[in-house]
Amino acid sequence: MTSPVRVVPMATGHRAIRAEKKLHGRLKRAFPESIIRRDKLAGALNVVSEIYSGKIEGEIHRLLDALEAAIPNSRA
């Protein structure tokens, strides 16, 4: 079974999608070699993009930390 790396609560779904797209854009530009082709995980994940190598997990957490810190009344 697979699961998200982390969940950052957002006020609305629209804000969540905007934040997610922005973070994925940053990751794709900074770490294009870390993108996992979807055919490598066919049947294991129900997504078609946004799959990255574990090598950049630390960077993903740094971006999520910054996102969470920027949210008013967040748990950070």
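Everything below is about the structure printed above this text.
Analysis parameters
- Every chain is numbered on its own, with residues counted from 1 as its sequence reads.
- Local features in a predicted model are, by the rule used here, given only for residues with pLDDT of at least 70; side-chain atom pairs are given and counted only at 80 or more, and totals for whole chains, interfaces and linings are based on all residues.
- With hydrogens and water set aside, each side-chain value is computed from the structure's full complement of heavy atoms.
- We count a stretch as a helix when DSSP gives it H or I for four or more residues in a row; a strand needs E for two or more, and each element gets its number in order from the N terminus.
- For every residue, the accessible area (1.4 Å probe, protein chains only) is compared with the maximum for its type, and the residue is labelled buried under 20%, exposed over 50%, or partly exposed between those bounds.
- Shrake-Rupley sampling with a 1.4 Å probe provides the accessible areas, and residues are treated as covered by the protein chains on show and by no other component.
- The charge count treats Lys and Arg as positive and Asp and Glu as negative. His and the chain ends do not count.
- The location of each charge is read from NZ of Lys, CZ of Arg, CG of Asp or CD of Glu.
- Think of a 1 Å grid over the protein atoms and nothing else: a 1.4 Å probe that fits but is trapped marks a cavity, an open set flanked by protein within 12 Å on at least five of seven lines marks a pocket, and residues with an atom within 4 Å of a point count as lining.
- Grid points are joined across faces, edges and corners, and a volume is the space filled by probe spheres set on the points.
- Buried Ala, Val, Leu, Ile, Met, Phe, Trp, Tyr and Cys residues form a nonpolar core when they are joined through side-chain atoms within 4.5 Å.
- Should any heavy atoms of two residues lie within 4.5 Å, those residues are considered in contact.

## Overview of the overall build of the protein
The number of helices and strands found in the protein is two helices and zero strands. Each principal axis of the C-alpha distribution contributes one length, and for the protein these read about 40 × 25 × 20 Å. For the protein, the residues scored as buried account for 21% of the 76 residues in total. Total accessible area on the protein is roughly 6,000 Å²; 54% of this is exposed by carbon and sulfur atoms. Considering the protein, the positive charge centre built from 14 side chains and the negative charge centre built from 8 side chains are found 5 Å apart.

## Describing the layout of surface pockets
Approximately 890 Å³ is the volume found for the largest pocket. If you go around the largest pocket, you meet 28 residues; those closest to its centre are Pro4, Val5, Arg6, Glu20 and His24. Residue assignment for the lining of the largest pocket shows that the elements contributing at least two residues are helix 1 (13-30) and helix 2 (57-69). The element best represented in the lining of the largest pocket is helix 1, accounting for six residues.

## Quick notes on the nonpolar core
Residues Val8, Leu23, Leu27, Tyr52, Ile56, Ile60, Leu63, Leu64 and Ile71 constitute the largest nonpolar core, which totals nine residues. Those elements giving two or more residues to this core turn out to be helix 1 and helix 2. In terms of residue count, helix 2 provides more of this core than any other element does, three residues in total. Those residues within four positions of Ile56 in sequence are excluded, and the remaining contacts are Leu27, Phe31 and Ser34.

Keep in mind these values describe shape, not function.
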